[in-house]
Number of protein chains: 4
Amino acid sequence: MIKVSILGATGYTGSELLRLLILRSDIEFKYLTSTRLVGRAVTDYYPHLKNLSSLAFTEYEAEKVLAESDVVFVCLPHGHAMTIAKQAKQYPVKVIDLSPDFRLDDVAVYEEYYEVNQTASDLLPSAVYGLTEYNREQIQSADLLANPGCFVTSALLGLLPVMGSAHINPKSIIIDAKSGVSGAGKSATVANLFAELQGNFKAYNVLRHRHIPEIEQELQKFSLDPVQVQFTPHLLPIERGIFTTIYIDLKEDVSEAELRELFQQQYVNEKFVHLLDKGQLPEMKMIRGTNNCLVQVQVDKRTHRLIILVVLDNLIKGASGQAIQNMNLMFGLDEQKGLNLMPLTP
Amino acid sequence: MIKVSILGATGYTGSELLRLLILRSDIEFKYLTSTRLVGRAVTDYYPHLKNLSSLAFTEYEAEKVLAESDVVFVCLPHGHAMTIAKQAKQYPVKVIDLSPDFRLDDVAVYEEYYEVNQTASDLLPSAVYGLTEYNREQIQSADLLANPGCFVTSALLGLLPVMGSAHINPKSIIIDAKSGVSGAGKSATVANLFAELQGNFKAYNVLRHRHIPEIEQELQKFSLDPVQVQFTPHLLPIERGIFTTIYIDLKEDVSEAELRELFQQQYVNEKFVHLLDKGQLPEMKMIRGTNNCLVQVQVDKRTHRLIILVVLDNLIKGASGQAIQNMNLMFGLDEQKGLNLMPLTP
Amino acid sequence: MIKVSILGATGYTGSELLRLLILRSDIEFKYLTSTRLVGRAVTDYYPHLKNLSSLAFTEYEAEKVLAESDVVFVCLPHGHAMTIAKQAKQYPVKVIDLSPDFRLDDVAVYEEYYEVNQTASDLLPSAVYGLTEYNREQIQSADLLANPGCFVTSALLGLLPVMGSAHINPKSIIIDAKSGVSGAGKSATVANLFAELQGNFKAYNVLRHRHIPEIEQELQKFSLDPVQVQFTPHLLPIERGIFTTIYIDLKEDVSEAELRELFQQQYVNEKFVHLLDKGQLPEMKMIRGTNNCLVQVQVDKRTHRLIILVVLDNLIKGASGQAIQNMNLMFGLDEQKGLNLMPLTP
Amino acid sequence: MIKVSILGATGYTGSELLRLLILRSDIEFKYLTSTRLVGRAVTDYYPHLKNLSSLAFTEYEAEKVLAESDVVFVCLPHGHAMTIAKQAKQYPVKVIDLSPDFRLDDVAVYEEYYEVNQTASDLLPSAVYGLTEYNREQIQSADLLANPGCFVTSALLGLLPVMGSAHINPKSIIIDAKSGVSGAGKSATVANLFAELQGNFKAYNVLRHRHIPEIEQELQKFSLDPVQVQFTPHLLPIERGIFTTIYIDLKEDVSEAELRELFQQQYVNEKFVHLLDKGQLPEMKMIRGTNNCLVQVQVDKRTHRLIILVVLDNLIKGASGQAIQNMNLMFGLDEQKGLNLMPLTP
């Protein structure tokens with residue numbers, strides 16, 4: 001029985017962890033913290049569990065939470081996980097951080113983009129980047145895991161198979177990303193009201209988005225040549241899902257088949273990431289509610305470009321599902337445990 | 001040129017007034033107040049007006065606003081219009097109140113349901129109830145107008161034609177109402193976030209809603225027998241529109257034709273309220289973006305019930321459009337001025 | 001290993017069965033028929049299963065399907081199941097019919113409402129009505145199961161606990177129902193296009209709906225006094241879910257507690273049907289993607305009415321989930337098998 | 001009084017013309033043709049016009065329609081306008097074609113992309129391309145007008161101001177376009193059902209879309225160097241609107257101010273096309289229901305790219321609104337007549 005606590009259990013990634021783990025018989029919840037709903041029962045969210053669950057949301061008390069848990073998921077805004085991870089060093093507890101605090105190797109870049117001090121830089125070397133399909137070995141022995149965000153997971157799963165290829169120009173990458181609204185979190189703002197977003201569509205943070213340095217950092221690790229990314233996020237009037245359209249210039253004539261083969265090799269044995277058959281195109285609802293990521297790859301001979309389309313559920317493969325995938329590895333379990341989910345269609 | 005000020009010009013009813021009036025050549029805006037966006041330009045909302053409008057949102061300064069305006073629209077939460085109306089007595093300005101402050105004749109009922117003191121009860125006798133189709137004469141000479149809300153307008157336009165009929169049981173009225181989200185206003189709450197409401201549907205305030213006493217008060221004025229209303233509001237995942245399904249027990253056998261005739265007589269010459277032809281059913285998008293209200297009437301011979309279906313746009317005929325209709329009357333203009341709108345379909 | 005065939009596997013109820021059963025290790029699919037997509041692979045729908053499933057959609061050949069299957073789900077329009085059930089008599093196969101062919105006891109009523117001949121009336125006595133919570137014993141031994149539809153399941157689960165009560169007037173029942181669009185099926189019609197329904201809301205079949213006789217038939221079985229139902233369906237711009245608001249006149253003063261107790265007794269041990277705690281209100285997304293049904297009950301002392309709110313997922317508890325619940329019983333399995341699902345929120 | 005006929009008056013562009021023109025006092029409708037709804041009254045669509053309009057949909061009879069109309073709008077699928085334009089040569093009637101039949105100068109390209117014969121190639125030289133802001137003089141004297149489509153209008157209004165600039169690389173243009181569902185027309189297909197598209201998002205025709213040659217043809221007219229366009233359309237779950245994100249490589253260092261100035265000069269006096277102020281970002285609902293097009297321009301110094309964002313309403317500025325703008329010019333009227341519309345927000 002793995003004793004699990006979720007810090008920030010009523011935000012969207014926190015409640016998604018709860019949703020995905022609550023019926024598992026090998027998981028026992030210890031603490032579900034929430035500043036907003038302290039004292040409220042979990043069954044206010046999930047009334048159908050009334051005969052099963054007597055849990056209530058609590059405040060975060062470090063000594064209790066860290067001492068009594070085997071693993072703590074941090075689902076808080078940036079800036080909190082640094083403190084928690086430092087406290088956790090004194091306990092035999094693993095920390096899975098869904099916030100960005102331990103994703104950026106370069107302290108200066110973190111501090112510039114997030115406008116807080118990186119107060120736990122001593123822990124950075126031991127933090128493992130949790131893009132599961134590319135980092136399994138390290139993840140298995142991690143005590144502090146930096147779980148990648150949704151946009152970044154989508155970009156990396158689409159791009160990494162070709163980053164080592166001599167055929168592409170790694171300075172030409174354009175990522176045109178479209179995200180569902182839950183990616184913006186559960187804080188109450190006028191901009192995210194239903195009446196504002198229904199029927200609407202927009203771009204935001206057009207030239208400068210916090211995820212650019214993280215994407216470039218991770219892509220660079222797989223590329224010999226300098227990488228540069230243009231990243232434009234857009235907000236879709238749907239609840240969940242990310243669709244990413246990626247454009248890369250090809251340096252020379254190369255067949256689609258040759259490039260597809262790189263993806264095929266990379267993903268043929270993966271359970272959650274799949275290259276679509278030729279002719280298929282990904283759709284958001286093909287992955288809604290699942291930990292799956294679908295990738296399609298096409299070469300435009302006319303324009304000499306590679307076009308990559310990626311879809312995943314921002315709250316699952318882009319956050320809480322990948323976190324569980326990583327937890328499974330960290331505890332020696334089957335990586336797929338609790339994640340064999342079918343998409344909700346229609 | 002009518003000098004118009006809007007108090008609360010960035011909420012949904014306030015900005016709807018702005019939207020509907022801004023292109024009228026006989027209207028000049030004086031003050032558009034907003035606590036949230038003081039100093040921001042109107043063209044932040046409507047960038048295409050950049051060559052036309054140099055207005056900015058301001059704070060409310062009574063002596064300026066009331067002295068320089070011919071009419072003030074109050075689009076604020078309940079409790080504010082009482083003060084404003086009292087201040088306005090010292091100026092030759094008309095007040096059109098879109099809040100509930102002057103809708104309820106009975107001070108005790110107002111104070112019970114809205115939990116504030118009715119501090120302007122001396123003005124109640126002079127306040128005119130602005131259900132335009134039923135109150136034109138009084139509206140024309142009104143200085144203080146209580147504009148009905150969306151649920152109430154919908155209920156009254158559907159029910160008033162039969163309230164005097166001996167065939168119905170006025171204690172059996174059930175109003176099952178479904179409203180778009182803009183009816184909840186523009187305040188930032190988690191409950192009204194896109195990610196919460198998309199794909200969702202719910203009832204709220206099931207037994208006790210603030211609009212019940214207002215509906216009963218107005219219906220009672222047209223009925224000899226005591227009226228009692230069951231009112232259940234529901235929240236629809238759409239931006240605007242109210243659909244109301246009304247059930248009334250018939251006391252005795254009466255033909256559908258006979259009851260339809262009552263509606264026909266009432267509305268045949270109206271420009272904004274229409275009885276649908278037999279066989280037609282109202283749909284929300286038939287009236288989206290317009291000041292129109294569509295009504296259908298059917299008798300169920302099997303169950304001896306009258307069923308009335310009503311649709312209107314909660315922000316227009318249910319709020320700002322009716323307020324303009326009333327303003328037109330109060331200033332001796334054509335009642336339809338600026339309100340000949342076509343529904344946005346699809 | 002249970003050998004399962006689905007007739008009409010690409011409609012919404014058929015593909016929902018596929019979705020819910022495909023990962024079960026005790027189920028083997030034999031035939032998935034589809035007139036529209038013969039020859040197409042299942043992985044065109046579910047690309048992430050490409051390494052798991054080699055199934056393709058086929059035509060219906062009775063002798064093969066019925067001989068090689070342990071159970072056949074009929075997900076076809078009305079009129080087909082009668083033929084199939086007659087053919088099935090010659091094989092040791094169970095038939096679970098999601099169409100209305102075997103739901104109405106009265107042949108004349110079926111023929112009037114569905115405008116086809118009831119050609120299998122000899123099978124009607126052996127057909128078992130599959131409202132699981134009320135009919136477990138019969139279902140366990142059924143060979144031919146009439147699975148109730150979504151509106152009817154919703155109405156019955158909300159009403160049956162009080163149908164035997166002397167406090168209610170069973171002739172006063174009003175059911176104001178709101179359904180997601182998938183309830184209309186997957187046939188291509190202009191009326192169900194996205195551009196028509198987004199932002200829209202409407203009632204349909206206002207006085208006369210095919211489900212009225214089925215609701216009255218089943219309610220009557222639990223009532224000593226004559227039952228009469230007013231049923232008004234509305235179409236919601238959401239993909240799945242039914243919300244039902246029920247009004248019933250109370251004959252005399254009766255406490256809410258007393259009526260709640262009837263629901264409590266009925267559902268306290270149920271896994272899928274739950275009475276909400278006092279103060280909670282059901283919302284559609286509380287049950288989206290699950291086999292759960294949530295019920296709330298309130299007494300309005302002012303109007304002497306009982307108000308019942310019911311939510312369920314029309315494709316699961318209202319169709320395919322309940323069909324699986326019934327299949328589980330028919331094959332001696334745990335009724336909950338494969339149906340412990342968490343709602344997709346947000 | 002201009003006598004107007006609409007061929008295909010019940011599709012989305014046809015009914016949008018009807019919606020926008022029906023309240024104009026200088027327009028008289030002669031024929032509204034529809035193969036689907038022959039004989040049905042216009043008031044089935046717009047019940048609130050019941051006291052105003054007695055029009056019904058009819059079949060197309062060339063000799064009547066062309067003889068009795070001053071202008072005919074062709075809102076039919078490609079392939080029909082060629083015949084109609086040839087018939088129209090015998091009458092003093094103007095033809096405004098919203099289909100693609102007269103948009104492509106090169107007969108071979110038209111026949112390749114649309115897979116029909118260009119049977120009216122003799123009329124091509126006299127057909128005027130109706131991108132209003134760039135072609136007013138020719139439009140004023142046109143008898144046969146080829147009205148551009150929604151994707152193309154969006155791309156051209158965003159790109160034309162810089163096509164003559166030496167700073168951009170015209171072979172590097174990437175157009176990532178996102179369209180509302182009404183762009184797909186009103187034909188009944190499973191793929192466009194509400195239950196399929198709600199919550200969904202996808203790309204389509206990724207490498208090869210019919211609008212690519214039209215975009216390249218028109219851009220080339222303004223560029224000295226060869227133009228090449230990558231165009232990827234995506235389908236948004238909204239009813240109307242196109243959002244276009246355009247990426248262009250800059251050849252050398254050039255300030256944002258210098259490029260913005262090109263747009264400023266081009267659009268400063270336009271009533272419907274506007275360059276947004278620095279810091280503003282376009283949103284779909286800023287233009288919903290209007291003939292406006294909003295453009296924002298940003299230079300990314302880090303990546304040496306120009307990013308252009310464009311929004312317009314696909315049914316208005318992208319189709320019927322622009323057609324009316326053109327009609328106004330062709331009949332010597334104020335170009336803005338009937339098109340001063342405010343966006344529907346929320």
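Residues numbered from 1 in each chain as written. Chains lettered and ligands numbered in written order. Predicted model: local features only at pLDDT ≥ 70, side-chain atom pairs only at ≥ 80, totals over all residues. Heavy atoms only, no water.

### Regarding empty space enclosed by the protein
To be explicit about the condition: Two kinds of site are reported from a 1 Å grid over the protein atoms alone, namely cavities, where a 1.4 Å probe fits but cannot get out, and pockets, open sets with protein on both sides within 12 Å along at least five of seven lines, and residues are called lining when an atom falls within 4 Å of a point. Grid points are joined across faces, edges and corners, and a volume is the space filled by probe spheres set on the points. Note on residue classes: Ala, Val, Leu, Ile, Met, Phe, Trp, Tyr, Cys and Pro are nonpolar, Asp, Glu, Lys and Arg are charged, and everything else, Gly too, is polar. Helix and strand definitions follow DSSP, with helices as H or I runs of at least four residues and strands as E runs of at least two, each counted in order from the N terminus.
With the rule as written, the count across this model stands at nine cavities of 30 Å³ or more. When its volume is computed, the largest cavity comes out at roughly 60 Å³. Along its surface, the largest cavity is lined by B:Ser172, B:Ile174, B:Tyr247, B:Ile248, B:Asp249, B:Arg305, C:Ser172, C:Ile174, C:Tyr247, C:Asp249 and C:Arg305. Broken down by class, the residue content of the lining of the largest cavity amounts to five nonpolar, two polar and four charged. Put simply, the second largest cavity is a space of about 50 Å³. For the lining of the second largest cavity, the element with the most residues is strand β10 (residues 242–249) of chain D, which contributes three residues.

### Quick word on the interface of chain D and chain A
Note the following rule: Whether two residues are in contact is decided by their heavy atoms, any of which lying within 4.5 Å being enough. Summed over both partners, the accessible surface that disappears when two parts come together, traced with a 1.4 Å probe, is what is meant by buried area. In what follows, salt bridge is the name for a side-chain nitrogen of Lys or Arg lying within 4 Å of a carboxyl oxygen of Asp or Glu. Whenever two N or O atoms come within 3.5 Å, that pair is a polar contact, provided that in protein one can donate a hydrogen and the other can accept it, and provided that, for residues adjacent in sequence, both atoms are side-chain atoms.
Chain D puts 47 residues into the contact, and the matching count from chain A is 47 residues. Overall, the association of chain D and chain A removes approximately 3900 Å² of surface from exposure, summing both partners, and the carbon and sulfur fraction of that is 53%. The closest approach of N and O atoms between A:Arg302 and D:Glu216, which form a salt bridge, is 2.8 Å. There are 35 residue pairs in polar contact (both at pLDDT 80 or more) connecting chain D and chain A. Those elements that provide at least two residues to the side of chain D that touches chain A are β7 (173–179), α7 (194–197), β8 (202–203), α8 (211–220), β9 (229–235), β10, β12 (293–300) and β13 (305–312) of chain D. Counting residues per element, the side of chain D that touches chain A draws most heavily on β7(D), which supplies five residues.

### Describing the relation of the copies chain B and chain D
Operational definition: The atoms used to superpose the copies are C-alpha atoms, taken from residues with pLDDT of at least 70 in both, and the fit is least squares.
Of the transformation placing chain B onto chain D, the axial shift is 0.0 Å and the rotation is 180 degrees, giving an RMSD of 0.0 Å. When the rotation and shift are considered jointly, the pair of chain copies conforms to a two-fold rotation axis. Most of the interface of chain B is mirrored in chain D, where 100% of its interface residues again form contacts.

### Let's talk about the UniProt feature "active site" (unreviewed entry) in chain A
Test applied: UniProt positions are given in the numbering used here, feature names are shortened, and annotations may be inferred rather than shown by experiment.
Mapped onto this structure's residue numbering, the UniProt feature "active site" (unreviewed entry) falls at A:Cys150. Among the structural elements, A:Cys150 can be located in helix α6 (residues 150–163).

### Thoughts on the UniProt feature "domain: Semialdehyde dehydrogenase NAD-binding" (unreviewed entry) in chain A
Here, the residues flagged by UniProt with the feature "domain: Semialdehyde dehydrogenase NAD-binding" (unreviewed entry) are residues 3–142 of chain A. What you have in residues 3–142 of chain A is 27% helix and 16% strand, and the ends, taken at the C-alpha atoms, are 17 Å apart.

### Focus: the relation of the copies chain D and chain A
Least-squares fitting of chain D to chain A yields an RMSD of 0.0 Å, with the superposition described by an axial translation of 0.0 Å and a rotation of 180 degrees. Here 100% of the interface residues in chain D have copies in chain A that are interface residues too; the copies meet face to matching face.

### Focus: the packing of aromatic side chains
Put simply, the test is: Only Phe, Tyr and Trp rings take part, Trp by its six-membered ring, and two of them pair if their centres are within 6.5 Å. Stacked means planes under 30 degrees apart, edge-to-face means over 60, and tilted covers everything else. Under the scheme applied here, a residue whose accessible area is under 20% of the maximum for its type counts as buried, over 50% as exposed, and between as partly exposed, the area being computed with a 1.4 Å probe on protein chains only.
Counting across every chain of the model gives 30 aromatic pairs over all chains. Centre to centre, the rings of A:Tyr134 and A:Tyr267 are 6.3 Å apart; their planes meet at 90 degrees, and the pair counts as edge-to-face. One end of the pair, A:Tyr134, is in the loop between β5 (128–129) and α5 (136–140); the other, A:Tyr267, is in helix α9 (residues 256–267), and 133 residues separate them in sequence. In this structure, A:Tyr134 and A:Tyr267 share a single accessibility class: buried. For the pair C:Phe194 and D:Phe194, a centre-to-centre distance of 5.5 Å together with 10 degrees between the ring planes defines the contact as stacked. Here D:Phe194 lies in helix α7 and C:Phe194 lies in helix α7 (residues 194–197), a pairing that spans two chains. Residue C:Phe194 shares its accessibility class with D:Phe194, and that shared class is buried.

### Some points on the sheet that holds β12(D)
All names here are of chain D. Here is the rule we go by: Pairing between strands is defined by DSSP: at least two bridges between the two strands are required. An axis is simply a line fitted to the C-alpha atoms; with a helix, the fit covers only the stretch in contact. Between two such axes, the angle follows the N-to-C directions and lies from 0 to 180 degrees.
One open sheet holds the seven strands; their spatial order is β8-β9-β7-β10-β13-β12-β11, and the pairing between them is mixed. Of all strands in the sheet, those bounded by a partner on one side alone are β8 and β11 (273–275). On the sheet, helix α6 (residues 150–163) packs against β7, β9, β10, β11, β12 and β13 and is oriented at approximately 140 degrees with respect to β13. Sheet strands touched by helix α9 (residues 256–267): β11, β12 and β13. Its angle to β12, the strand with the most contacts, is close to 165 degrees.

### Let's talk about the domain arrangement of chain A
Residue and element names in this part refer to chain A. For clarity, the threshold we go by: Where each domain starts and ends follows an automatic or database-derived domain assignment.
Entries for chain A in the domain assignment read domain 1 (2–126) and domain 2 (151–314). The gap between the C-alpha centroids of domain 1 and domain 2 is 27 Å. Across the contact, 16 residues belong to domain 1 and 12 residues belong to domain 2. Of the roughly 1300 Å² buried where domain 1 meets domain 2, counting both sides, 47% is carbon and sulfur surface.

### Details of the interface of chain B and chain D
By a frequent convention, interface size equals the accessible area lost on bringing the separate parts together. Contacts between the two partners involve 38 residues from chain B and, on the opposite side, 38 residues from chain D. The junction of chain B with chain D conceals about 3200 Å² of combined surface from both sides, 55% of it contributed by carbon and sulfur atoms. Area buried by chain B at its contact with chain D is led by B:His48, B:Met342 and B:Pro346, which between them contribute 23% of it. At the junction of chain B and chain D, the tally comes to four salt bridges. One salt bridge in this structure joins D:Glu239 and B:Arg288, with 2.9 Å as the shortest N-O distance. Viewed at the interface, chain D and chain B are joined by 14 residue pairs in polar contact (both at pLDDT 80 or more).

### Quick word on the confidence of the model for chain A
Threshold: By definition, pLDDT measures how confident the predictor is in each residue, and it falls between 0 and 100.
Per-residue confidence for chain A gives a mean pLDDT of 96; residues scoring 70 or more make up 100%. This prediction of the complex comes with two scores: 0.97 for pTM and 0.96 for ipTM.

### Notes on the pairing of strand β10 (residues 242–249) of chain B
Residues and elements named next belong to chain B. The buried count for β10 comes to seven of eight residues, which makes it a mostly enclosed element. By the bridge criterion, six bridges tie strand β7 (residues 173–179) to β10 in an arrangement that is antiparallel. Paired with Ala177 across the two strands is Thr244, which belongs to β10. By the bridge criterion, eight bridges tie β10 to strand β13 (residues 305–312) in an arrangement that is antiparallel. Residue pairing across strands places Ile242 opposite Leu312, the latter belonging to β13.

### Some points on the side chain of D:Thr43
One can find D:Thr43 in the loop between β2 (27–33) and α2 (62–68). D:Thr43 gets classed as buried once you look at its relative accessible area, which sits at 12%. Setting aside residues up to four positions removed in sequence, D:Thr43 forms contacts with B:Gln280, D:Leu49, D:Lys50 and D:Ser53.

### Looking at the sheet that holds strand β6 (residues 144–146) of chain C
Working definition: the strands of a sheet are paired by backbone hydrogen bonds and lie parallel or antiparallel to each other. Residues and elements named next belong to chain C. Here we have six strands laid out as an open sheet, ordered β2-β1-β3-β4-β6-β5, and parallel in their pairing. Where the open sheet ends on each side, the last strands, each with one partner, are β2 (27–33) and β5 (128–129). In this structure, strand β3 (residues 71–74) lies alongside strand β4 (residues 94–97), joined through four bridges in parallel fashion. Considered in β4, the bridge of Val71 is made with Lys94. The strands touched by helix α10 (residues 316–330) are β1 (2–7), β2, β3, β4 and β6; relative to β4, the strand with the most contacts, the crossing angle is about 160 degrees.

### Some details on the packing of α6(D) against α9(D)
All names here are of chain D. Formally: Orientation labels follow simple angle bins: below 35 degrees gives roughly parallel, above 145 gives roughly antiparallel, 65 to 115 gives roughly perpendicular, and whatever is left gives oblique. Whether a crossing is left-handed or right-handed is set by the direction in which the near helix is turned from the far one by less than a right angle, anticlockwise for left-handed and clockwise for right-handed.
For the pair α6 and α9, interaxial distance at closest approach is 8 Å and the crossing angle is 115 degrees. The angle between the axes of α6 and α9 places the two elements in the roughly perpendicular class. By crossing handedness, the relation of α6 to α9 is classed as right-handed. Touching Leu156, Leu157, Gly158, Pro161 and Val162 of α6 are Leu259, Leu262, Phe263, Gln266 and Tyr267, all from α9. Residue composition of the contact of α6 with α9, by class: eight nonpolar, two polar and no charged.

### Description of the pairing of strand β9 (residues 229–235) of chain C
Residue and element names in this part refer to chain C. Among the seven residues in β9, seven count as buried, and that is most of the element. Summarising the sheet, strand β7 (residues 173–179) and β9 pair through seven bridges and their orientation is parallel. Following the sheet pairing, Ser179 is matched in β9 by Leu235. Looking at chain direction, strand β8 (residues 202–203) and β9 are connected through two bridges and run antiparallel. In the sheet register, Ala203 faces β9, and the bridge partner there is His234.

### Some points on the side chain of B:Gln296
Residue and element names in this part refer to chain B. Among the structural elements, Gln296 can be located in strand β12 (residues 293–300). Polar side-chain contacts of Gln296 include one of 2.8 Å to the backbone oxygen of Asp277. If sequence neighbours within four positions are ignored, Gln296 has contacts with Arg260, Leu275, Leu276, Asp277, Lys278, Gly279, Gln280, Leu281, Pro282, Ile307, Ile308 and Leu309.

### Focus: the environment of B:Val190
With respect to the secondary-structure elements, B:Val190 resides in the loop between β7 and α7 (194–197). The class of B:Val190 is buried, set by a relative accessible area of 18%. Those residues in contact with B:Val190, other than ones at most four positions away along the chain, are A:Arg36, A:Lys186, A:Ala188 and B:Glu196.

### Some details on the pattern of salt bridges
Residue and element names in this part refer to chain D. Here the structure, examined in full by the defined rule, presents 95 salt bridges over all chains. A salt bridge links Glu335 to Arg136; its shortest N-O distance comes to 2.6 Å. Placement of the pair is Glu335 in the segment after α10 (316–330) and Arg136 in helix α5 (residues 136–140), with a sequence separation of 199 residues. Classification of Glu335 as buried rests on a relative accessible area of 13%.

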